Amino acid sequence: MMKYLSDLDWWKQFSTNLGGVLTALMGALAILNIHYKWLTANSINAYVTVVMAVGTLFVGSFATIVNTYLTKRAKEKATVVAVDYAQEQATSEDAEREKIKAVVAQVLAAQNAGIASTEEETKSTATTK
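As the structure is a prediction and not an experimental result, all values here were calculated from the model. (Residues numbered from 1 in each chain as written. Predicted model: local features only at pLDDT ≥ 70, side-chain atom pairs only at ≥ 80, totals over all residues. Heavy atoms only, no water.)

Talk me through the overall build of the chain; I want residue IDs and the actual numbers.
The helix and strand tally for the chain stands at 4 helices and 0 strands. In sequence order, the secondary structure elements of the chain are arranged as α-α-α-α. A buried classification covers 9% of the 129 residues belonging to the chain. Partitioning the contacts of the chain with sequence separation of at least 6, the portion at a separation of at least 24 is 63%. Here the chain has roughly 10,500 Å² of accessible surface; of this, 64% comes from carbon and sulfur atoms. (Helix = DSSP H or I, 4+ residues; strand = E, 2+ residues; numbered from the N terminus. Buried < 20%, exposed > 50% of the residue type's maximum accessible area, 1.4 Å probe, protein only. Contact = heavy atoms within 4.5 Å. Areas by Shrake-Rupley, 256 points an atom, 1.4 Å probe, with all protein chains shown as cover.)

Describe helix 2 (residues 8-31), with residues and values.
Compared with an ideal rise of 1.5 Å per residue, which puts 24 residues at 34 Å, helix 2 spans 35 Å between its outermost C-alpha atoms and is within 8% of the ideal. Among the residues making up helix 2, those that are buried are W11, S15, G19, L22 and L29. Within two residues after helix 2, N33 carries a phi angle of roughly 60°, on the positive side. (Expected span 1.5 Å × (residues − 1).)

Give me unusual backbone geometry: which residues, what numbers.
Despite not being glycine, N33 shows a phi value in the positive range, around 60°. Within the element layout of this structure, N33 appears in the loop between helix 2 and helix 3 (41-66).

I'd like to hear about the confidence of the model for the chain, residue by residue, with values.
Looking at the chain as a whole, the pLDDT averages 82, with 82% of positions reaching at least 70. At the low end of the mean pLDDT range in the chain sits helix 1 (residues 2-5), at 64; at the high end sits helix 2, at 88. (pLDDT = per-residue confidence, 0-100.)

Requested: an account of the packing of helix 2 against helix 3, with residues and values cited.
Between helix 2 and helix 3, the least distance of the axes is 9 Å, while the angle of their chain directions is 165°. Considering their axes alone, helix 2 and helix 3 lie roughly antiparallel with respect to each other. As helix 2 runs across helix 3, the sense of the crossing is right-handed. Contacts between helix 2 and helix 3 involve L8, W11, K12, F14, S15, L18, G19, L22, T23 and M26 on the former and, on the latter, A41, I44, Y47, V48, V51, M52, V54, G55, T56, F58 and V59. Taken together, the residues of the contact of helix 2 with helix 3 break down into 15 nonpolar, 5 polar and 1 charged. (Axes fitted to C-alpha atoms, helices over the stretch in contact; angles between N-to-C directions. Parallel < 35°, antiparallel > 145°, perpendicular 65-115°, else oblique. Left-handed = near helix turned anticlockwise from the far one by under 90°. Nonpolar A, V, L, I, M, F, W, Y, C, P; charged D, E, K, R; others polar.)

Break down the packing of aromatic side chains for me, citing the residues and quoting the values.
Scanning all chains against the criterion turns up 5 aromatic pairs. When the ring of W10 is compared with that of F14, the centres are 5.4 Å apart and the planes differ by 5°; the resulting orientation is stacked. Of this pair, W10 and F14 both sit in helix 2, 4 residues apart, roughly one helical turn. With centroids separated by 5.6 Å and ring planes inclined at 40°, the aromatic side chains of Y36 and W38 adopt a geometry described as tilted. Of the residues examined, Y36 reaches a relative accessible area of 42% and is grouped as partly exposed. Exposure remark for W38: the relative accessible area of 48% places this residue in the partly exposed category. The structure contains a cluster of three or more aromatic residues connected by ring pairs, namely W10, W11, F14 and F58. (Phe/Tyr/Trp six-rings, centres within 6.5 Å; stacked < 30°, edge-to-face > 60°.)

Explain the side chain of S15 residue by residue, including any values.
Mapped onto the elements of the fold, S15 is located in helix 2. In this structure the side chain of S15 is engaged in a polar contact, spanning 2.9 Å, whose partner is the backbone oxygen of K12. The residues touching S15, leaving out its near neighbours within four places in the chain, are V48, V51 and M52. (Polar contact = N/O pair within 3.5 Å; in protein donor to acceptor, adjacent residues only side chain to side chain.)

Structure (structure tokens):
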């Protein structure tokens, strides 16, 4: 549930749905000739605005609280995450270097093989003359 409450899009969808339901309710009651002074288009817009304001306040507050290191445990967890990330980056850089070395070795081997075959052709041509 907290996953949804901390999402601003969820609050937008909820307020839109609330506005739609209240508008439909107002229309249905008007057809039945039942009128409430407090249920008008302006009051529905006010309800939707209040829900959006509460949602924005909640999401902003939640993000601030979650992303602030208030406890020693949170600081330690952030340090562990940072160290793990640094290690992953170093490992991926090392792997990339090894790939480049392998490609360079293949290119050099191909060049050496080409030079060796050219030298053999030159020797065989010289001996046939």
